[in-house]
Amino acid sequence: MGLFAILILAQARRERAEPIRFWAPAANRKGIYLSFLLILVYALLLERLGFIVSTTLFFVLFSRYVSGHRWGTAVFFALVTSLATYFLFNLLLHAPLPEGIVGRVF
């Protein structure tokens, strides 16, 4: 794989016509920055809040502010996605997920 990577890099240097821009002209920079911020906050809160709470919160905020969905759609999507993921990983695959504050209450 390393050899192929070197060959691809060498070929790219020879065929380089114009510099490639990091940002596409129509890129949604605000959405990209907000996505990185939400992922960082999600990673920091996952152990403290637990999987279901932090994942639901993440999906609500992401759906609402990055994707632009309405609140009802964002909440519905977030609840369905987090509960389905929890069911799949915790109950079917027996993968341990962080319980957080929900696990401490019950």
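Residues numbered from 1 in each chain as written. Predicted model: local features only at pLDDT ≥ 70, side-chain atom pairs only at ≥ 80, totals over all residues. Heavy atoms only, no water.

Engineer: Quick question: what am I supposed to make of the overall build of the protein chain here?
Structural biologist: From N to C terminus, the protein chain includes 5 helices and 0 strands. The helix and strand sequence of the protein chain, counted from the amino end, reads α-α-α-α-α. Across the 106 residues in the protein chain, those meeting the buried criterion constitute 18%. Excluding contacts between residues fewer than 6 apart, the proportion of contacts in the protein chain whose partners are at least 24 apart in sequence is 50%. As displayed, the protein chain offers around 8700 Å² of accessible surface, 70% of which is attributable to carbon and sulfur atoms. (Helix = DSSP H or I, 4+ residues; strand = E, 2+ residues; numbered from the N terminus. Buried < 20%, exposed > 50% of the residue type's maximum accessible area, 1.4 Å probe, protein only. Contact = heavy atoms within 4.5 Å. Areas by Shrake-Rupley, 256 points an atom, 1.4 Å probe, with all protein chains shown as cover.)

Engineer: Would you take a moment to explain helix α4 (residues 71–92) for this structure?
Structural biologist: An α-helical segment advances 3.6 residues per turn. Residues three or four places apart therefore align on the same side. When the terminal C-alpha atoms of α4 are compared, their 30 Å separation across 22 residues agrees well with the 32 Å that a helix rising 1.5 Å per residue should span. Looking at α4, one finds that the buried residues are A74, A78, T81 and S82. Projected down its long axis, α4 shows its buried positions confined to an angular sector of 95 degrees, all on one face. Across α4 from its buried face, at more than 90 degrees, point the exposed residues G72, F76 and L92. On its buried face, α4 sits against α3 (51–66). Looking one or two residues past α4, H94 carries a phi angle of roughly 55 degrees, positive in sign. (Expected span 1.5 Å × (residues − 1). Arc of directions from axis to C-beta.)

Engineer: Looking at this model, I keep getting lost on the confidence of the model for the protein chain. Mind explaining?
Structural biologist: Interpretation of this model should avoid reading the predicted coordinates in detail wherever pLDDT is low. Mean pLDDT over the protein chain works out to 86, with 90% of the residues at or above the 70 mark. Per-element mean pLDDT across the protein chain ranges from 67 in helix α5 (residues 100–105) up to 93 in α3. (pLDDT = per-residue confidence, 0-100.)

Engineer: Help me understand the environment of Y65, please; the structure alone is not making it clear to me.
Structural biologist: Within the secondary structure, Y65 is located in helix α3. Classification of Y65 by relative accessible area gives partly exposed; the value is 48%. Taking the C-alpha atoms as reference points, Y65 and L34, 31 residues apart in sequence, are found 8.2 Å from one another. Y65 has contacts with L34 and W71, leaving out every residue within four places of it along the chain.

Engineer: Can you walk me through the nonpolar core in this structure?
Structural biologist: As a rule of thumb, nonpolar side chains are buried together in soluble globular proteins. Counting residues in each nonpolar core, the largest one holds 5 residues, listed as L38, F58, F59, V60 and A78. Those residues in contact with A78 that sit more than four places away from it in its chain are T56, F59 and V60. (Core = buried A, V, L, I, M, F, W, Y, C linked by side-chain atoms within 4.5 Å.)

Engineer: How should I be thinking about the side chain of S35 in this particular structure?
Structural biologist: Looking at the element boundaries, S35 is found in helix α2 (residues 29–49). By relative accessible area, S35 is classed as buried at 15%.

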